[in-house]
Amino acid sequence: MQDIVEVYSALSRKDECIMNAIFENMWDFEYVPVHVFIRECGMSEEKVEGLLRRLAGLRLVENKYTEYLGASFTFKGLSVFSLKRLVRRNVIDMLGKIMGEGKESVVFNALSERHGEVVVKFHRVGYPSFKKVKEKRDYGTLHYTVLTIRSAKREFQALKRLYGYASVPRPIAWEGNAVVTELVDARELNKVRLEEPEHVLELIIEEIRKMYERGVVHGDLSQFNILVSEEGLWIIDFPQSVDVGDEVAEEYLERDVSNVITYFERAYGVKKDLNEVLRYVKGEA
Ligand SMILES: Nc1ncnc2c1ncn2[C@@H]1O[C@H](COP(=O)(O)OP(=O)(O)OP(=O)(O)O)[C@@H](O)[C@H]1O
Ligand SMILES: [Mg+2]
Ligand SMILES: [Mg+2]
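Residues numbered from 1 in each chain as written. Chains lettered and ligands numbered in written order. Predicted model: local features only at pLDDT ≥ 70, side-chain atom pairs only at ≥ 80, totals over all residues. Heavy atoms only, no water.

Draft legend 1. Structural context of the coordination of the magnesium ion (ligand 2). Binding of the magnesium ion (ligand 2) to the protein goes through Asn225 (OD1) and Asp237 (OD), at separations of 2.1 to 2.3 Å. A spacing of 3.5 Å is found between the magnesium ion (ligand 2) and the magnesium ion (ligand 3), which share aspartate 237 as a donor. Of this pair, asparagine 225 sits in the loop between strand E10 (216–217) and strand E11 (226–229) while aspartate 237 sits in the loop between strand E12 (232–235) and strand E13 (242–243); the two residues are 12 residues apart in sequence, bridging distant segments of the chain. (Donors = N, O, S within 2.8 Å, 3.2 Å for Na, K, Ca; no water. Helix = DSSP H or I, 4+ residues; strand = E, 2+ residues; numbered from the N terminus.)

Okay, structure coming up:
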């Protein structure tokens, strides 16, 4: 992913047409067939095949022969495509450095004339990672691309719903698998030593309550998804969040609260009763 900017600059209009056609047609085809590119980009079969080979060489698409030749995005291809769209919309002007690379995302900082310093999170759901190329999970006939875009959309929607009510980074834009938010100057909870852990735990519980009141359960809350600074705290990382009322919402909520309580007990010896906190969060106490 480090070379994403270089790859990005090397794309021609014809490459872009191919990538556009993959994006537009991936809902119907796991691998978008050559004839679609021929039609949508007005190019000969040889030309299309040449471009697909070139894009595969850049690791932007994966080509597959079944009854026909077809192409789909790699994680990198989808990310470059989403980046193009963000730049075109003037959401960001320059991609910066990688801030973090996990199994389900790659996070960059970026500069935006309009929004200042921002964070671009490229979602990666289901794509076999560089470490586990062989491991292919069964997602039916939906390509990873579709699932990954869905995950980014879910995160953006949750942030939009919560911003202004609970303490989350300001959501700025969503394109493809990329979600842009404001950059928060804070560190992950597990990386700091708190001076007033009881107080911070109260603040976190308050955020969980506000999110619940707004109809959202985080679903992956832990010391890794809470950022803290002298100024306050922020909850991040929402792709797996669910609506209150969803069949797994209560289970997710209990796990979220339990993760937080367990962390504070282990790291600081601060104790809280799980059921009491759950009642408080749900407005029953
Ligand atoms: N708005 C932000 N401001 C500052 N840092 C951020 C922001 N968003 C994300 N980060 C940093 O990037 C890291 C990864 O972001 P996030 O938790 O959203 O992705 P992730 O899906 O958890 O990645 P992983 O696969 O590691 O679980 C965060 O732990 C945090 O350090
Ligand atoms: Mg995270
Ligand atoms: Mg995560």
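Now that the structure has been shown, we can carry on.
Draft legend 2. Local environment of the confidence of the model for the protein. Per-residue pLDDT for the protein has a mean of 93; in total, 95% of the residues score no lower than 70. Low pLDDT, under 50, characterises residues 131–139; the stretch is placed with nine contacts to residues that sit more than four places away or in other chains. (pLDDT = per-residue confidence, 0-100. Contact = heavy atoms within 4.5 Å.)

Draft legend 3. Structural view of the site of ligand 1. Around ligand 1, a shell composed of 19 residues is seen, among which Glu104, Lys121, Val184, Glu188 and Asp237 lie nearest. Between threonine 181 and ligand 1, the recorded distance is 3.3 Å, taken from a side-chain N or O atom to a nitrogen atom. A distance of 2.6 Å is found between an oxygen atom of ligand 1 and a side-chain nitrogen or oxygen belonging to glutamate 188. Burial of ligand 1 by the surrounding chains reaches 81%, relative to a free accessible area of 610 Å². A majority-of-atoms criterion places ligand 1 in the largest pocket. Elements with a minimum of two residues in the shell around ligand 1: strand E5 (105–112), strand E6 (116–123) and strand E8 (178–182). Residue composition of the shell around ligand 1, by class: nine nonpolar, four polar and six charged. (Near = heavy atom within 4 Å. Polar contact = N/O pair within 3.5 Å; in protein donor to acceptor, adjacent residues only side chain to side chain. Areas by Shrake-Rupley, 256 points an atom, 1.4 Å probe, with all protein chains shown as cover. 1 Å grid on protein atoms, 1.4 Å probe; cavity = no way out; pocket = protein on both sides within 12 Å on 5 of 7 lines; lining within 4 Å. Sits in = over half its atoms within 2 Å of the grid points. Nonpolar A, V, L, I, M, F, W, Y, C, P; charged D, E, K, R; others polar.)

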